[in-house]
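These are the residues of each chain, in order.
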Amino acid sequence: MKSYHTDTSMQAEVFTFYNLLMNDLPLNPVAAVTHPDPYPYYAELVTHKPIYYDAALGLWIATSAEAIEAVLTSELCRVRPASEPIPKALLGSRAADIFGALVRMTDGPSHGPRKQAVSTSLGSLVPEQVSEQSQHWAKFLIDEIKPQADPTRFMDFAFRMPVYVVADLLGVLAEQLAEVAVFVKSFVACFSPLSDHVQLEAGKVAAAQLFDLMRAQLATQPAGGLLTHLALGFKPEEAEIATANAIGFLFQSYEATAGLIGNSLMMLATQREVYQQIKADPSHLRLAIHEVSRYDPSIQNTRRFLAQSGVVAGQAMKEGEAVLVVLAAANRDPAANSEPALFKLDRPVRKSFTFGLGRHACPGETLAVTIAEAAVGQLLATGFDPEVLADGVTYRSSVNARVPLWTTA
Ligand code: HEM
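A brief structural summary. Source: prediction; values computed, not measured.

As a further point, take the coordination of the iron atom of the ligand. The protein supplies the iron atom of the ligand with one donor atom, C362 (SG), which lies at 2.3 Å. If you trace the backbone, C362 turns up in the loop between helix 14 (327-330) and helix 15 (365-381).

Have a look at this one:
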């Protein structure tokens with residue numbers, strides 16, 4: 001067993017020295033999420049600190065492919081701390097009921113059946129239909145928002161895309177989609193540790209509105225849609241859990257897919273040869289979006305909590321400790337991808353950790369890529385050149401999601 005204290009030896013000193021030289025490096029892996037370019041820092045962590053304890057953050061940090069696989073497949077690690085299965089700030093609200101029922105936030109015997117239900121329902125989607133619906137909503141939102149006219153509008157477009165497509169798949173009426181997008185925006189904010197009291201309370205109200213809407217939807221749903229498939233995976237008395245997980249689809253896809261759209265636009269703005277290749281042959285776009293999700297992922301990290309003391313990734317960890325799993329760093333591990341710092345459309349093998357792995361691996365990857373492909377593809381089809389987005393980008397405040405914002409016209 002390796003102790004993390006050995007990491008404070010020469011290697012770590014060299015690392016600190018490097019940090020001093022490159023004083024624009026992120027302060028830590030949480031600050032890295034919204035840093036203009038966190039990737040040289042991640043590469044250093046993968047090489048010199050594949051797993052270590054950050055005393056200032058009070059977190060174990062896993063960065064290499066090997067360490068991340070070990071954490072995400074460990075029987076000792078859980079998605080929520082045992083002392084706080086539901087965030088205290090949400091207790092007593094509909095947001096807490098939804099949170100507690102989500103497959104994403106559940107471990108133990110209830111996780112398997114819930115995972116089966118969400119995966120089977122998403123697996124029932126017909127790719128051509130989803131692609132058609134995504135193209136339809138991309139055209140609709142481009143007409144309505146006209147993001148090409150003003151870069152500050154891009155992220156409104158990117159955030160509304162996953163809501164419109166997923167809500168439509170869940171059977172929500174077209175005339176309700178704009179309202180659902182407002183509810184989802186508010187609801188997602190109440191889960192962020194960076195939200196203030198006002199955002200938290202607004203999120204709780206939105207949670208109740210979404211729940212009422214989706215429960216009514218479930219009751220009147222004609223057979224065959226995504227929601228019906230999802231409900232079939234639950235017992236009749238578990239209708240509230242099914243409803244919560246339908247809302248989970250909206251919640252899980254929201255920031256992550258908006259970020260994938262935004263980061264794909266950023267890639268086209270900066271990797272001009274890739275832009276030219278796609279312009280000449282739009283069928284390369286899907287592959288490019290897969291590579292964006294490895295190279296500049298919208299979800300940079302996730303967390304695990306020790307249910308009991310034991311050895312994880314070669315380190316002695318204690319019950320109650322938390323691990324920050326830096327998925328975006330592992331994507332740049334040379335042991336997982338050759339020449340990881342290069343953006344390559346035609347990687348013979350692409351190993352991406354962006355959608356997680358193990359029990360809690362994301363079942364929505366294909367859907368997310370289809371939505372992003374439609375959003376970016378329809379923008380390019382209008383003749384828009386993303387080069388104008390190369391300057392003026394910042395990243396939305398977040399501890400895990402890398403979502404670009406263009407704040408000036
Ligand atoms: C670019 C878009 C997306 C990214 C990067 C992403 C990433 C992830 C990651 C990293 C996890 C695992 C978290 C962990 O293990 O701690 C996850 C779980 C999950 N994702 Fe996604 N996701 C995306 C889009 C979607 C979409 C479109 C859906 C469905 C509509 C979805 C549904 C889920 C669900 C239900 C889980 C929980 C699975 C479980 O806990 O067993 N995701 N996602």
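On to the nonpolar core. Residues M161, L170, V180, F187, M214 and L250 are the most contacted members of the largest nonpolar core, which totals 118 residues. In terms of residue count, helix 11 (residues 239-270) provides more of this core than any other element does, 18 residues in total. If you look at the next biggest cluster of nonpolar residues, it comprises 18 residues, including Y42, L59, A322 and L324.

Let us look at the site of the ligand. Residues in contact with the ligand amount to 26 residues; listed here are only the nearest, H111, T302, R304, H360 and C362. At a separation of 3.4 Å, an oxygen atom of the ligand approaches a polar side-chain atom of R104. A distance of 2.7 Å is found between an oxygen atom of the ligand and a side-chain nitrogen or oxygen belonging to R304. Secondary structure elements with two or more residues in the shell around the ligand: helix 5 (111-123), helix 11, strand 4 (302-306) and helix 15. If one sorts the elements of the shell around the ligand by residue count, helix 11 sits on top with 6 residues. In the shell around the ligand, the residues fall into 12 nonpolar, 10 polar and 4 charged.

Taking 1.5 Å as the rise per residue, helix 6 (residues 127-145) with 19 residues should run 27 Å; its terminal C-alpha atoms sit 26 Å apart, in good agreement. Turning to helix 6, its buried residues are V130, S134, W137, A138, L141, I142 and I145. Taken end-on, helix 6 shows its buried residues confined to a sector of 135 degrees, consistent with a single buried face. In helix 6, the exposed positions that point more than 90 degrees away from the buried face belong to E128, E132 and D143. Of the surrounding secondary structure, the elements contacted by the buried residues of helix 6 are helix 7 (154-169), helix 8 (177-189) and helix 15. Taken from the residues just after helix 6, K146 is the one with a positive phi, measuring 50 degrees.

Attention shifts here to the packing of helix 11 against helix 13 (residues 285-295). One can describe the packing of helix 11 onto helix 13 by two numbers: an axis separation of 9 Å at closest approach and a directional angle of 105 degrees. Here helix 11 lies roughly perpendicular to helix 13, going by the angle between them. In this structure, helix 11 contributes L260, N263, S264 and M267 to the contact, and helix 13 contributes A288, I289, V292 and S293. Within the contact of helix 11 with helix 13, the residues separate by chemical class into 5 nonpolar, 3 polar and no charged.

What follows concerns unusual backbone geometry. Leaving glycine aside, a negative phi is the common case for residues, and trans is the common case for peptide bonds. Phi is positive for K146, close to 50 degrees, though the residue is something other than glycine. Examined against the element boundaries, K146 turns out to sit in the loop between helix 6 and helix 7. Looking at K146, the relative accessible area reads 45%, which means it is partly exposed. For E339, which is not glycine, the phi dihedral falls at a positive 40 degrees.

Criteria and cut-off values
- Residues numbered from 1 in each chain as written.
- Predicted model: local features only at pLDDT ≥ 70, side-chain atom pairs only at ≥ 80, totals over all residues.
- Heavy atoms only, no water.
- Donors = N, O, S within 2.8 Å, 3.2 Å for Na, K, Ca; no water.
- Helix = DSSP H or I, 4+ residues; strand = E, 2+ residues; numbered from the N terminus.
- Core = buried A, V, L, I, M, F, W, Y, C linked by side-chain atoms within 4.5 Å.
- Buried < 20%, exposed > 50% of the residue type's maximum accessible area, 1.4 Å probe, protein only.
- Near = heavy atom within 4 Å.
- Polar contact = N/O pair within 3.5 Å; in protein donor to acceptor, adjacent residues only side chain to side chain.
- Nonpolar A, V, L, I, M, F, W, Y, C, P; charged D, E, K, R; others polar.
- Expected span 1.5 Å × (residues − 1).
- Arc of directions from axis to C-beta.
- Contact = heavy atoms within 4.5 Å.
- Axes fitted to C-alpha atoms, helices over the stretch in contact; angles between N-to-C directions.
- Parallel < 35°, antiparallel > 145°, perpendicular 65-115°, else oblique.

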